[in-house]
Amino acid sequence: MTARGTHLTCRLWKIKRAAFSKILSESRRLIIGELRRKLHCPRARSSSSYVPAQALGEGPFCKPTDSAIGCTVAGAAVSWRHPSFIRSPVKGRLGSALASRMATTVGIEVDATNILKRITPPLDPQLYKGQAGKIAVIGGCREYTGAPYFAAISALKIVTSSFLINIFSPEYECVYSRFLLYVVFMQGADLSHVFCTKDAAAVIKSYSPELIVHPVLEESYSVREDEKVLVSSRVLAEVRKWMERFDCLVVGPGLGRDPFLLDCVSEIIQHARQLNVPIVVDGDGLFLVTNNLDLILGYSLAALTPNVNEYRRLVEKVLEREVDDQNAAGQLSSLSSRLGGVTILRKGKADLISDGRTVCMVSAYGSPRRCGGQGDILSGSVAVFSSWAKQTLSESGEHFDFSSSNPMILGCIAGSALLRKAASLAFADKKRATLTSDIIESLGTSVEVLCQEK
């Protein structure tokens, strides 16, 4: 080959290489752009919106990107950098003092979405049934069959499907025809049990074949006085057979206030404490523990989820004073401390959560429709997320950049965020006709939406 021919060949090769590099660069830009659009991942966020992270771990596929929050594509995996979990609208010395003063009044807003992401296990074909969680609901009587169903089915419904991103560009068909990125998201609890009275069992079973219903509880009207001790021991024995299998109990939805039934449930709570099983107390379960504080006193794996009236009764019983909305966070912290570090989620326009050491707030907008049963969805969701948080913290030893690594706090934050998102999506579709069942059907979509944010 002549020198001129060699020169032309080299020039042609350089032109081809430059064109190929440009095509690859454009392809990468298109893929990342499409991912950002699909996952709603922002290109960057001002670091002034967050308290700087101190011990924040990076995801396995993340690269440092200065102060930006970005997506990183590595093979077929997509991951996010996790921003600080505590939001602060101000900065500097004056800002810190102001934020501290505000926190004592209203609590610290937390980044609930990232907490939800980090404690939720991914779907894995290697998992077997039950590894994603086994939840039990203690509740359900003649009068109330919907509440235990809502709580139990919500634990199963916290699930998203995987999806496929398909990018095609005919402009660069010579280089590639299709890029496929397969992103796997999360599942709900695998098994959900309901322990209820015999009168409620058939009704709850008819709602869904997905639930495992145990008709073992008894009410006073069906038990003679001389049989109560025997029946009570039989009820506890039936529940005891299952207790070690459960990752969390939900006590109270649809429980009722029958004295004998409440006595049986008291023994169940005591047995759960002995086995260190997390307990979420809601509904009539709160009536039970308010009148018998020793059941949950000093148990750090207990979470109470009172509404306005239930919270008022707790404050009056424990603190012997009226509810102080002007110092809501401080009073909630005092209440939790007096109960020995029990986590309390005070439901309201903004949910306040405390374990006596920290107070945080979830204020994302939910729905103006206040249909009954949303508290039951919350209790079931908190149970699932709390069990996942406990497992994540114990297995990986992950340290969250948050003032608490209490799994009940983390579960309450994630459960609150999920319910608010699901209520918002359901209301956007059904408006004034929104029912609790509509919110439950929105749980899976809500997890998907939340996991795609930021």
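Residues numbered from 1 in each chain as written. Predicted model: local features only at pLDDT ≥ 70, side-chain atom pairs only at ≥ 80, totals over all residues. Heavy atoms only, no water.

**Side note on the side chain of Ser 354**
Here is step 1 of the chain: Looking at where Ser 354 falls in the secondary structure, it is placed in strand β13 (residues 351-354).
Here is step 2 of the chain: Of the residues examined, Ser 354 reaches a relative accessible area of 0% and is grouped as buried.
Here is step 3 of the chain: At 3.0 Å, the side chain of Ser 354 and the backbone nitrogen of Gly 356 are in polar contact.
Here is step 4 of the chain: In terms of polar contacts, Ser 354 uses its side chain to reach the backbone carbonyl oxygen of Thr 358, at 2.9 Å. (Helix = DSSP H or I, 4+ residues; strand = E, 2+ residues; numbered from the N terminus. Buried < 20%, exposed > 50% of the residue type's maximum accessible area, 1.4 Å probe, protein only. Polar contact = N/O pair within 3.5 Å; in protein donor to acceptor, adjacent residues only side chain to side chain.)

**Regarding the environment of Ile 135**
Here is step 1 of the chain: With respect to the helices and strands, the residue Ile 135 is situated in strand β4 (residues 134-138).
Here is step 2 of the chain: Considering only alpha carbons, one finds Ile 135 and Ala 151, 16 residues apart in sequence, at a separation of 9.7 Å.

**Description of helix α4 (residues 146-157)**
Here is step 1 of the chain: A rise of 1.5 Å per residue sets the reference length of α4, with its 12 residues, at 16 Å; its end C-alpha atoms lie 16 Å apart and thus fit the reference within 8%.
Here is step 2 of the chain: The element α4 is extensively covered by neighbouring structure, given that 10 of its 12 residues are classed as buried. (Expected span 1.5 Å × (residues − 1).)

**Describing the pairing of strand β7 (residues 191-197)**
Here is step 1 of the chain: Counted residue by residue, β7 has 6 buried out of 7 residues, so it is predominantly covered.
Here is step 2 of the chain: Relative to β7, β4 runs parallel, the two being bridged by 5 bridges. Note on β7: the bridge partner recorded for Lys 134 is Leu 191.
Here is step 3 of the chain: Sheet topology places β7 next to strand β8 (residues 212-217); 5 bridges connect them, and they run parallel. Bridging from a neighbouring strand, Phe 195 pairs with His 214 of β8.
Here is step 4 of the chain: Read as a crossover between parallel neighbours, the route from β7 over helix α5 (residues 198-207) to β8 is right-handed. (Pairing = 2+ DSSP bridges. Right-handed = clockwise from strand over helix to strand, strands pointing away.)

**So, unusual backbone geometry**
Here is step 1 of the chain: Phi at Asn 276 takes a positive value of approximately 60°, unusual for a residue other than glycine.
Here is step 2 of the chain: Looking at where Asn 276 falls in the secondary structure, it is placed in the loop between α7 (259-274) and β10 (279-281).

**Focus on the layout of surface pockets**
Here is step 1 of the chain: Estimates place the volume of the second largest pocket at around 760 Å³.
Here is step 2 of the chain: Lining the second largest pocket are 36 residues, and of these Asn 307, Lys 347, Arg 370, Gln 374 and Gly 375 sit closest to its centre.
Here is step 3 of the chain: Elements with a minimum of two residues in the lining of the second largest pocket: α8 (284-290), α9 (308-318), α11 (374-396) and α12 (407-430).
Here is step 4 of the chain: Grouping the amino acids of the lining of the second largest pocket by side-chain chemistry returns 12 nonpolar, 13 polar and 11 charged. (1 Å grid on protein atoms, 1.4 Å probe; cavity = no way out; pocket = protein on both sides within 12 Å on 5 of 7 lines; lining within 4 Å. Points joined across faces, edges and corners; volume = space filled by probe spheres on them. Nonpolar A, V, L, I, M, F, W, Y, C, P; charged D, E, K, R; others polar.)

**Notes on the confidence of the model for the chain**
Here is step 1 of the chain: Per-chain confidence: the chain averages 75 in pLDDT, with 65% of residues scoring 70 or above.
Here is step 2 of the chain: Counted against residues more than four places away or in other chains, residues 38-105, with its pLDDT under 50, gives 135 contacts.
Here is step 3 of the chain: Here residues 160-188 scores under 50 on pLDDT; set against residues more than four positions off or in separate chains, the count is 77 contacts. (pLDDT = per-residue confidence, 0-100. Contact = heavy atoms within 4.5 Å.)

**Details of the packing of aromatic side chains**
The description of two aromatic rings rests on the distance between their centres and on the angle between their planes.
Here is step 1 of the chain: One pass over the full model with this rule turns up 4 aromatic pairs.
Here is step 2 of the chain: Ring geometry for Phe 195 against Phe 246: centres 5.8 Å apart, planes inclined by 80°, an arrangement best described as edge-to-face. On the criterion of sequence distance, the pair formed by Phe 195 in strand β7 and Phe 246 in the loop between α6 (228-243) and β9 (248-251) is long-range, its members being 51 residues apart. Just as Phe 195 is buried, Phe 246 falls in that class too.
Here is step 3 of the chain: Linked through ring pairs, Tyr 149, Phe 150 and Tyr 207 together constitute an aromatic cluster.
Here is step 4 of the chain: Over the ring of Phe 287 we find Arg 257; its NZ or CZ atom is 4.0 Å from the centre of that ring. (Phe/Tyr/Trp six-rings, centres within 6.5 Å; stacked < 30°, edge-to-face > 60°. Lys NZ or Arg CZ within 6 Å of the ring centre and 35° of its normal.)

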